[in-house]
2 protein chains.
Amino acid sequence: MITGILNGLRVIEVSAFVAAPLGGMTLAQLGADVIRIDPIGGNIDYRRWPLAPCGSSLYWSSLNRGKRSIALALDKPKGQEIARALITQPGEDNGILLTNLPASGWMSHQQLSKHRRDLIMLHLTGNYDGSGAVDYTVNCASGFPIATGVNSDPINHVLPAWDIAAGLYLSTGLLAAERARRRDGQGRKLTLALSDVMLATVGNLGYLADVQVNGTVRPPLGNDLYGALGRDFATKDGRHVMIVAISNRQWHAIGNATGLTDKFAMIGPMLDVNLNSEGGRFEARGAIFALLENWCAKRTLAEIRTAFDDNGVLWGPYQDFGQLFSEDNRCSEKNPMFGWIYQPGAGNILAPGSPLNVVGSERLPLQPAPILGQDTERVLADVLGISASEIGKLYDAGTVAGPENQKN
Amino acid sequence: MITGILNGLRVIEVSAFVAAPLGGMTLAQLGADVIRIDPIGGNIDYRRWPLAPCGSSLYWSSLNRGKRSIALALDKPKGQEIARALITQPGEDNGILLTNLPASGWMSHQQLSKHRRDLIMLHLTGNYDGSGAVDYTVNCASGFPIATGVNSDPINHVLPAWDIAAGLYLSTGLLAAERARRRDGQGRKLTLALSDVMLATVGNLGYLADVQVNGTVRPPLGNDLYGALGRDFATKDGRHVMIVAISNRQWHAIGNATGLTDKFAMIGPMLDVNLNSEGGRFEARGAIFALLENWCAKRTLAEIRTAFDDNGVLWGPYQDFGQLFSEDNRCSEKNPMFGWIYQPGAGNILAPGSPLNVVGSERLPLQPAPILGQDTERVLADVLGISASEIGKLYDAGTVAGPENQKN
């Protein structure tokens, strides 16, 4: 049996939406046993778009692959008791809760840690003071939408980047706390605010220092890179390519691939800049772009691809999600990260596993997301050791639900 | 002395740019001893924009806070030997290398693991086949720039989101491999391709399943949310706000705050949709937005803020980087994540620590980034136990450099 590097670790997840589910899935795809607890009928994210024709959420199933699912009546004391037993289960690999729900009452750290003193709890909130915020309301405040595009009208990026980063901070923090517990025996509650993820990132990229030291706010530059050479260009056949040069080698490759080296050489003396520096190329980008615009407009994407790949240019084609899937070899079964799964509700689909690859080990087999409540019975029996007759009573009382009891 | 939860862990980083440095800084800000090795004079990222007036890179110093810096002649055998000694240092908390450089020759896993069999190595590459890619050339292929804005002209987001995510996958993977090593004594080489981070994310968000199951490609929707209610609105005083409703409670809050509940109630029957569902509100968004547009245009940001905050609306103001710093209380010393540091080259600045907060523990004191080579002498002496006279010889031979020998 192939096991992942986190084999043995058990994480209980009580979550919804993107960040916390991604944190859990990241660990599951490295081999951890991640058990997601949902209320019977599913949490608020269970029907989010995009949907398959049968109504099954492709969003939900894509963010919960490789987990086990148990459905509990979390509004009843007995349902809460089962959840608590899972969360505070003894054993050095257990006793870890990952959540982005309010975590009050029975699910507060204070209450839960009465049942397991060394509990590790990761709690994602909106703001550091506990108030609410979501990716969209954090993003608008970040400065990036105003720095995007060609003028100061805000443009939201479509990627929920703060949720993605938060999910990966959660997986990092969880493993850090688990390491600490094995060294000192102490449980911990870690909180992560989505807006702190944004604020830390804006700071980590130097923008807050720039404001404080230089008093400057980076202006919107369209698709131009800031401080280096790069932009998008339209091709003859209605596509677009991104061309970039960070290093001098990459810069010379563009000249070689396009045959424009001699013309580029005229720009330095003309504008009095050193084109063998990132800053110089950024300052002279207008003239450089004019030449490249013209060159790309006369060639198809296929012609550009050949010229650029043959010369080691740092570039990429723009693709929509459909083109990404149909044209990009990296998004195919040729890429060992991908594999075929049968996803209930969606059918056979090509899906990614963990981007973290353990060299020399076989990749963990890809797992689909569970149907809601799919593992209720096995988790109750195998993890909590509840007898079959007792499980039957829990079903009858509506305390737990298996997949057949869900309104799918 | 306050220690972080990763106290004791030592990571050697040989890196440049965003992702690998962020991975290392994430661990350093949790208490790990992260030693960044650079060539004498600095790596290719040492002068990246934005710069302080003195020429010091605010980009570099923002991505390397809390690390130690040692400058070595990595092009000479003796410099490589010192780097190797640091990377393969004995001890259960040592023997971990984080890099995004080519990692060939002496720095290959094969060569290094001869000196420490259970070495852990995290290696970030561009593509899974080892070929080159950077955030910009990965992003254009992702589908997001074409899904951004109001038509299919690509719009790049300014946030280097793939680099950020990659950095946090690296910190997660490093801790996972370290956990595994303590259990089975095995070293491992983990690779992570930047384009795999993108591909996994596109898949994790359901876009690849949507293409395969429905044959549809999510169209650009401007700043509208997809599948739920949300968009930006201009205010009377020239600002913009983002308004969102995911849950029914959030939807009703908008009606309460604006006094538009009765008008909203007319939309359901008019368009024959159920406004008490995410999908229904998404379908009816045109009519809802028309009312909100009008309402916001008659009010200032301050008036909107009061009305929305009093009623629990899920919203946020758009801010540029300057407004984020000057207007947003979350980006101030009121937020315990922030603190003042003296950053050489930049002066006293407010900077973020780790967004991961260990509840009940004092926060680790914020640390500035080192000056290049700042810790050369101490690392050689304390970590490798090299004598003062031997260190003197290394300086004289140009094998190592301290801060005074750098061209700052």
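Just so it is clear, the model here is predicted, and its values are computed rather than measured.

Once that is clear, we can look at the side chain of B:Arg188. Locating B:Arg188 in the fold gives a position in strand β6 (residues 188-193). You can call B:Arg188 buried: its relative accessible area is 15%. A polar side-chain atom of B:Arg188 sits 2.5 Å from a polar atom in the side chain of B:Asp184. Only 3.2 Å separates the side chain of B:Arg188 from the backbone oxygen of B:Gln186, close enough to count as a polar contact. Residues in contact with B:Arg188, not counting those within four places in the same chain, are A:Ile5, A:Val358, B:His109, B:Leu119, B:Ile120, B:Met121, B:Ala177, B:Ala180 and B:Arg181.

What follows concerns the packing of aromatic side chains. Taken as a whole and assessed by the stated rule, the structure comprises 24 aromatic pairs over all chains. For the ring pair A:Tyr226 and B:Trp49, a centre distance of 6.0 Å and an interplane angle of 70 degrees mean the geometry is edge-to-face. With A:Tyr226 in the loop between α9 (207-214) and β7 (229-234) and B:Trp49 in the loop between β2 (33-39) and α2 (58-63), the pair connects residues from two separate chains. Take A:Tyr226: its relative accessible area is 23%, and that puts it in the partly exposed class. Exposure remark for B:Trp49: the relative accessible area of 26% places this residue in the partly exposed category. Between A:Phe308 and A:Trp315, the ring centres sit 5.6 Å apart and the planes meet at 75 degrees, which makes this aromatic pair edge-to-face. For the pair A:Phe308 and A:Trp315, a shared accessibility class is recorded, and that class is buried. An aromatic cluster is defined as three or more aromatic residues linked by ring pairs; in this entry it consists of A:Phe144, A:Trp162, A:Tyr207 and B:Phe321. Its guanidinium or amino end placed over the ring of B:Phe289, B:Arg231 lies 5.0 Å from that ring's centre, counting from NZ or CZ. Positioned above the aromatic ring of B:Phe282, the side-chain terminus of B:Arg285 is 4.1 Å from the ring centre.

Let's shift gears to the sheet that holds strand β8 (residues 240-245) of chain A. All names here are of chain A. Strand order in the open sheet made by the three strands is β7-β8-β9, with antiparallel pairing throughout. With one partner strand each, in any of the chains shown, β7 and β9 (314-317) form the two edges of the open sheet. For this sheet, the mean angle separating the axes of adjacent strands, direction not counted, is 15 degrees. Alignment of β8 against β9, held across four bridges, turns out to be antiparallel. Across the sheet, the residue bridging to Val241 is Pro317, located in β9. Against the sheet, helix α13 (residues 285-297) makes contact with β7 and β8, and its axis sits at roughly 30 degrees relative to β7, the strand it touches most. Along the sheet face, helix α14 (residues 301-311) touches β8 and β9 and points at about 155 degrees away from the line of β9.

Cut-off values and rules
- Residues numbered from 1 in each chain as written.
- Chains lettered and ligands numbered in written order.
- Predicted model: local features only at pLDDT ≥ 70, side-chain atom pairs only at ≥ 80, totals over all residues.
- Heavy atoms only, no water.
- Helix = DSSP H or I, 4+ residues; strand = E, 2+ residues; numbered from the N terminus.
- Buried < 20%, exposed > 50% of the residue type's maximum accessible area, 1.4 Å probe, protein only.
- Polar contact = N/O pair within 3.5 Å; in protein donor to acceptor, adjacent residues only side chain to side chain.
- Contact = heavy atoms within 4.5 Å.
- Phe/Tyr/Trp six-rings, centres within 6.5 Å; stacked < 30°, edge-to-face > 60°.
- Lys NZ or Arg CZ within 6 Å of the ring centre and 35° of its normal.
- Pairing = 2+ DSSP bridges.
- Axes fitted to C-alpha atoms, helices over the stretch in contact; angles between N-to-C directions.

Such coordinate-based values are descriptive only and should not be taken to indicate function.
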